[in-house]
Amino acid sequence: MPAKIGFNGGKYYSIPQAVLEAQYHGCGNGFIIVDKATDEVVSMNYDDGGDGTTQNIVMSPLAGEVMLETETNIVYRANFSCCQACLF
């Protein structure tokens, strides 16, 4: 699903079922990869330097920061909550 805007103006994404089953471990923070053409999450990760599965349960104040942008994708710092990737 494309991004949505929450009641406080913060942008968030629903994490697709396939990504949830393969990569979601609960609340925490890390980063998401969003396909520019569809504005949908194609991958997520709990850290940006380890094995990618170590759950960091602290919410990041850097959520929403663009970490990398290519022609096809945008990598955002994100907070994960309730099967969603929040950019706030």
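Predicted model only: the values in this text are computed from it and were never measured. (Residues numbered from 1 in each chain as written. Predicted model: local features only at pLDDT ≥ 70, side-chain atom pairs only at ≥ 80, totals over all residues. Heavy atoms only, no water.)

**Comments concerning the overall build of the protein chain**
Then, in step 1: Summing up its helical and strand segments, the protein chain has one helix and seven strands in all.
Then, in step 2: For the protein chain, the sequential pattern of α-helices and β-strands runs β-β-α-β-β-β-β-β.
Then, in step 3: Considering only intrachain contacts with a sequence separation of at least 6, the fraction spanning at least 24 residues in the protein chain is 54%.
Then, in step 4: Surface exposure of the protein chain reaches about 4,900 Å², of which carbon and sulfur atoms provide 57%. (Helix = DSSP H or I, 4+ residues; strand = E, 2+ residues; numbered from the N terminus. Contact = heavy atoms within 4.5 Å. Areas by Shrake-Rupley, 256 points an atom, 1.4 Å probe, with all protein chains shown as cover.)

**Quick word on the side chain of Ser60**
Then, in step 1: With respect to the helices and strands, the residue Ser60 is situated in the loop between strand S4 (40-45) and strand S5 (66-69).
Then, in step 2: Polar side-chain contacts of Ser60 include one of 3.0 Å to the backbone nitrogen of Leu62.
Then, in step 3: Those residues within four positions of Ser60 in sequence are excluded, and the remaining contacts are Asn29, Arg77 and Asn79. (Polar contact = N/O pair within 3.5 Å; in protein donor to acceptor, adjacent residues only side chain to side chain.)

**A closer look at the packing of aromatic side chains**
Then, in step 1: Under the criterion given, the structure shown has one aromatic pair.
Then, in step 2: Considering the side-chain rings of Tyr46 and Phe80, the 5.2 Å spacing of their centres and the 70° angle between planes classify their relative orientation as edge-to-face. Placement of Tyr46 in the loop between S4 and S5 and of Phe80 in strand S6 (residues 73-81) is noted, with a sequence separation of 34 residues between them. A single burial state applies to Tyr46 and to Phe80, both of which are buried. (Phe/Tyr/Trp six-rings, centres within 6.5 Å; stacked < 30°, edge-to-face > 60°. Buried < 20%, exposed > 50% of the residue type's maximum accessible area, 1.4 Å probe, protein only.)

**Digging into the nonpolar core**
Then, in step 1: Counting residues in each nonpolar core, the largest one holds 16 residues, and the members touching the most others are Tyr13, Ile15, Ile32, Met44 and Phe80.
Then, in step 2: Taken together, the elements giving at least two residues each to this core come down to helix H1 (17-23), strand S3 (28-35), S4 and S6. (Core = buried A, V, L, I, M, F, W, Y, C linked by side-chain atoms within 4.5 Å.)

**Observations concerning the side chain of Ser14**
Then, in step 1: When you line up the elements, Ser14 lands in strand S2 (residues 11-14).
Then, in step 2: Excluding residues that lie within four positions of it along the chain, Ser14 makes contacts with Met1, Lys4, Val41 and Cys83.

**Observations concerning the confidence of the model for the protein chain**
Then, in step 1: Chain-level pLDDT for the protein chain is 87 on average; 89% of the residues reach the 70-or-more range.
Then, in step 2: Model confidence for the protein chain, summarised as mean pLDDT per element, is weakest for strand S1 (residues 4-5) at 83 and strongest for S5 at 96. (pLDDT = per-residue confidence, 0-100.)

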